Amino acid sequence: MAEALLGIVLENLIPFVQTEFAAFSGIKEKAEDLSRTLQLIKAVLDDAEQKQWSNRPLKVWLQQLKDAMYVLDDILDQLPIESSQLGCLTSLNPKKVIHRRQLGQKLNEIIGRLDRIAQARSNFDLRQGVRERPSEVVEWRQTSSTITVPQVYGRDEDKGRVVEFLLSPSRSSEFLSVYPIVGLGGLGKTTLVQLVYNDPEVGNNFDLKIWVCVSENFTIKSILRSILEAVKKDKSEVMDLEVMEEKVKQLLQTKKYLLVLDDVWKRSQEMELGLTQDKWDKLRSVLSCGSKGSSILVSTRDNHVATIMGTCQAHHLGGLSEDDCWLLFKLRAFGADREEREEFVAIGKEIVKKCGGSPLAALALGGVMQSRSTEKEWVEVQKSEVWSLPDENDIMAVLRLSYSCLTPTLKQCFAFCAIFPKDKEIKKQELIYLWMGNGFISSRRNLEVEEVGNMVWNELHQKSLFQDVRSDDFSGEIYFKMHDLVHDLAQSISEQECICLEKQNLNDFSRNPHHIVFHGIHKKQFKERAFEKAESLRTLYQLNSYGFPFSSRLIPTNNSLRIGNLETKRIVESLPYNETLDKDAKSPTSYH
């Protein structure tokens, strides 16, 4: 991620050195020195990003570098505009003299800051050089728009046991059965439940089927709202909890229903809105209104959740066999058209042993190998240092490796996705517009910027970093999700850069974010100029078009903001006022 940002800064800094302003303000030599310093940093960035996972001080150094480069980029963005507004650079107009001095001071300050950061790189014994990578976007996938769902392997027995439970005659005499499915992250719990949910025999056994993704936010109101929206097929109007309870009872009464509560988390210090016994007792009292044979399937990583919610012994999901992992791996690594070369197969089967039985890891590793065409490149993955990192489980090691093999542009676009809430369904076009507005992607020869955005999205999807893709029946819009472990990876990379403000973390202003998304909160919960102290804040964005929190009193007065989404106006409307679609644009997105 740092490498992409550094590339943008250098792209702007080198032309600036040649401007009249640089010569007139007396900082041309310093700017030239800074350009050389940044080139030296760039030479070791690849090694730094590889080593940051096991070296916390190095990770902090990278973050300091990125923070400083954001500020430098803001200053460079202003200079061409400001210089044109200043008129003759030799003017003795007091206002123009003061303005020139202020710009020069800002640049001097950031040059000193970056000099200190550059000197600190010697503390980390970083190697110069860049690993060979595939081109920014693989050519053969440029025109691909097909959404493919990989084959499911090794889950027939698990599916059979869950289906048998749901169709068992003994279930018909019970008013509400709750069957928990427990397993580690990345083992395919959601996939298993989807297989069961879409089984025709299961469908014929129930009057009504409802799917609710719970995730970390186990609130009665949100679950009841999701049930109403799933059944009524539209957004539920705002209503009191008591009214919502009555409406759900009316919908479920006299019906034999199947309800899936996917990805349930128990309340803890980290999960303040997670499941508790009291919450479940209250929700169960509402749901116990269906006819006999109604059932709930619960997927979770936590045995405590199964104990609280289950009415029978939980089904514990194990890892896939190495043979099944290999089938998934080669589905992505070789595809339908690529030859399975004997030397690749031998190395690939050794790599697959590192998957830990996780289908997510197998697909991600297959995605890594997809663009590697030499035996040397395959061996490089097999012997990667990431496998020996301390305190690293098999799945997260695979995901970190998958990330490290991305190009700088793909890294930046992926890490930005940490701005969305976990388990949030993301609109593909909206994400691409956010990438565009922030200048992460730009047009290329014979390709418009939106086409580049589609290519980047397709590449991340092919590498299994995006999943659960669907097309809206009415609008044709593409929606997708990130696996919660993949989201954890994005958060571990971006850390303080990208944050999502929700009710449970409204006071989390100790960090210095550059991109902020709001989700389900109200403007009255913020103080005036709440983000004034944020250094180089680029994005202020509300996910929902209703209950919008923004007002002018929240907007920082600096010139760093690229994307602002105000008074329910969507980013699509603000982009035409901002030329950030073009890589040479300098002005922030207009506010409505």
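Scroll up to find the structure.
The rules behind these values
Residues numbered from 1 in each chain as written. Predicted model: local features only at pLDDT ≥ 70, side-chain atom pairs only at ≥ 80, totals over all residues. Heavy atoms only, no water. Buried < 20%, exposed > 50% of the residue type's maximum accessible area, 1.4 Å probe, protein only. Helix = DSSP H or I, 4+ residues; strand = E, 2+ residues; numbered from the N terminus. Arc of directions from axis to C-beta. Phe/Tyr/Trp six-rings, centres within 6.5 Å; stacked < 30°, edge-to-face > 60°. Pairing = 2+ DSSP bridges. Salt bridge = Lys/Arg side-chain N within 4 Å of Asp/Glu carboxyl O. Contact = heavy atoms within 4.5 Å.

The next thing to look at is helix α16 (residues 375-382). Of all the residues in α16, the buried ones are E377, W378 and V381. The buried residues of α16 occupy an angular sector of 100 degrees when projected down its axis, which confines them to one face.

All right, on to the packing of aromatic side chains then. For any pair of aromatic rings, geometry is given as the distance between the ring centres together with the angle between the planes. Evaluation of the coordinates by the stated rule reveals 14 aromatic pairs. Ring centres 5.6 Å apart and planes at 25 degrees place the aromatic pair W326 and F329 in the stacked group. Of this pair, W326 and F329 are both found in helix α13 (residues 322-333), three residues apart, which corresponds to roughly one turn of the helix. Residue classification places W326 among the buried positions, given a relative accessible area of 8%. Considering the side-chain rings of F344 and W378, the 4.6 Å spacing of their centres and the 10 degrees angle between planes classify their relative orientation as stacked.

The buried count for strand β1 (residues 177-182) comes to six of six residues, which makes it a mostly enclosed element. Pairing of β1 with strand β4 (residues 295-300), which is carried by six bridges, proceeds in the parallel orientation. From the neighbouring strand, V182 faces β4, where its bridge partner is T300. Inspection of the sheet shows β1 paired to strand β5 (residues 315-316) by two bridges, in the parallel sense. Across the sheet, residue I181 finds its bridge partner in β5, namely H315.

The next thing to look at is the pattern of salt bridges. Considering all chains together, one arrives at 23 salt bridges under this definition. When the shortest N-O distance is used, the salt bridge between R538 and D74 registers 3.1 Å. Taken as a pair, R538 in the loop between β10 (515-518) and β11 (539-542) and D74 in helix α4 (residues 56-86) lie far apart in primary sequence, 464 residues in all. We classify R538 as buried; its relative accessible area is 3%. What makes D74 buried here is its relative accessible area of 8%. A salt bridge links R113 to E535; the shortest N-O distance between them is 2.8 Å. Of this pair, R113 sits in helix α5 (residues 94-120) while E535 sits in the loop between β10 and β11, and the two are 422 residues apart along the sequence. A relative accessible area of 24% places R113 in the partly exposed class. Exposure remark for E535: the relative accessible area of 26% places this residue in the partly exposed category. Among the ionic contacts, a cluster of salt bridges with common partners joins D73, D74, R538 and R562.

Here we take up the sheet that holds strand β8 (residues 478-481). The strand order across the open sheet built from three strands is β6-β8-β7, with neighbouring strands paired in antiparallel fashion. Looking at which strands have only one partner, the edges of the open sheet turn out to be β6 (426-427) and β7 (467-471). Two elements, β6 and β8, share two bridges in a ladder whose sense is antiparallel. Residue pairing across strands places I426 opposite F480, the latter belonging to β8.

Here the focus is the environment of D263. Tracing the sequence through the fold places D263 in strand β3 (residues 257-264). A sequence separation of 47 residues divides D263 from E216, and the C-alpha atoms of the two residues are 7.9 Å apart. When residues no more than four places from it in sequence are discounted, the contact partners of D263 are V214, S215, S299, D423 and D484.

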